Amino acid sequence: MGKAYAIMSGKGGVGKTTTAINLGAALKRFNEDVVLVDTNLTTPNIGVYFGAPVVPVSFNHFLQNKTDIEEAIYEHESGVKIIPSSLSLKDLKKIKLEKIKEASKKLKKISSHVIFDSAAGLGEEARKVLEAGD
């Protein structure tokens, strides 16, 4: 069973995404299995930084009950697995934030390390990520 880490801050622009990406890359360098999840649903950047800004299946689709979490995993050439969120405003509709905890449970069964890159602040989106982390 893996561990889930929530990279969070009450303020934006402090390096949450940079920290999440570098932590994932460092763990992968030590041959650890890593899944990096972009749970910053309103301003996602993980997909952008990994060269996959638009993907056929995103974390939003899982939160909308349209797919299983495993279908949203993409492997970067570095070996880090990512689950990008959608850049489309329409994909913010009908999401169920309580499914973030479900994603954590499922991903910890298939990966040693699950890293959640959270939205800034202490809103519902961020609080659900905090609950999903270990």
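Residues numbered from 1 in each chain as written. Predicted model: local features only at pLDDT ≥ 70, side-chain atom pairs only at ≥ 80, totals over all residues. Heavy atoms only, no water.

Asks: How should the overall build of the chain be read in this particular structure?
Replies: Helices and strands together make up the secondary structure of the chain, namely 5 helices and 5 strands. Rg of the C-alpha trace for the chain: 13 Å, near the compact-globule value of 14 Å for 134 residues, within the 12% margin. The dimensions of the chain, computed from C-alpha atoms along their principal axes, are 40 × 30 × 30 Å. Pairs at least 24 apart in sequence give 75% of the contacts found in the chain among residues at least 6 apart. For the chain, the separation between the mean place of its 19 positive charges and that of its 16 negative charges on side chains is 4 Å. (Helix = DSSP H or I, 4+ residues; strand = E, 2+ residues; numbered from the N terminus. Rg over C-alpha atoms; globule rule 2.2 N^0.38 Å. Contact = heavy atoms within 4.5 Å. Lys, Arg positive; Asp, Glu negative; His and termini not counted. Charge placed at Lys NZ, Arg CZ, Asp CG, Glu CD.)

Asks: Can you walk me through the side chain of Ser 111 in this structure?
Replies: Structurally, Ser 111 is set in the loop between helix H4 (99–110) and strand S5 (113–118). For Ser 111, the side chain forms a polar contact with the side chain of Asp 33, separated by 3.0 Å. (Polar contact = N/O pair within 3.5 Å; in protein donor to acceptor, adjacent residues only side chain to side chain.)

Asks: Would you mind showing me how to read the packing of H4 against helix H5 (residues 124–132) here?
Replies: When two helices pack together, their arrangement is given by the angle between the helix axes and by the axis-to-axis distance. Across the interface, H4 lies against H5 with an axial gap of 8 Å and an inter-helix angle of 30 degrees. When the axes of H4 and H5 are compared, the pair comes out roughly parallel. The hand of the H4/H5 crossing is right-handed. Contacts between H4 and H5 involve Ile 100, Lys 101 and Ser 104 from the former and Glu 125, Lys 128, Val 129, Glu 131 and Ala 132 from the latter. Taken together, the residues of the contact of H4 with H5 break down into 3 nonpolar, 1 polar and 4 charged. (Axes fitted to C-alpha atoms, helices over the stretch in contact; angles between N-to-C directions. Parallel < 35°, antiparallel > 145°, perpendicular 65-115°, else oblique. Left-handed = near helix turned anticlockwise from the far one by under 90°. Nonpolar A, V, L, I, M, F, W, Y, C, P; charged D, E, K, R; others polar.)

Asks: Help me understand helix H1 (residues 16–29) in this model?
Replies: Along an α-helix, a turn takes 3.6 residues, which lines up residues three or four apart on a common side. Taking 1.5 Å as the rise per residue, H1 with 14 residues should run 20 Å; its terminal C-alpha atoms sit 20 Å apart, in good agreement. Among the structural elements, strand S1 (3–7), strand S2 (34–39), helix H2 (46–49) and S5 are those in contact with the buried residues of H1. Looking one or two residues beyond H1, the residue adopting positive phi is Asn 31, at roughly 60 degrees. (Expected span 1.5 Å × (residues − 1).)

Asks: Mind showing me how you'd approach the pairing of S2 here?
Replies: Both faces of the sheet carry side chains from a regular strand, because those side chains alternate between them. Among the 6 residues in S2, 6 count as buried, and that is most of the element. Of the two faces of S2, the one lined by Val 34, Leu 36 and Asp 38 and the one lined by Val 35, Val 37 and Thr 39 are each fully buried. Sheet topology places S2 next to S5; 6 bridges connect them, and they run parallel. Paired with Val 35 across the two strands is Val 114, which belongs to S5. Looking at chain direction, S2 and strand S4 (residues 81–83) are connected through 3 bridges and run parallel. Each residue of the ladder has a partner; that of Val 35, found in S4, is Lys 81. (Buried < 20%, exposed > 50% of the residue type's maximum accessible area, 1.4 Å probe, protein only. Pairing = 2+ DSSP bridges.)

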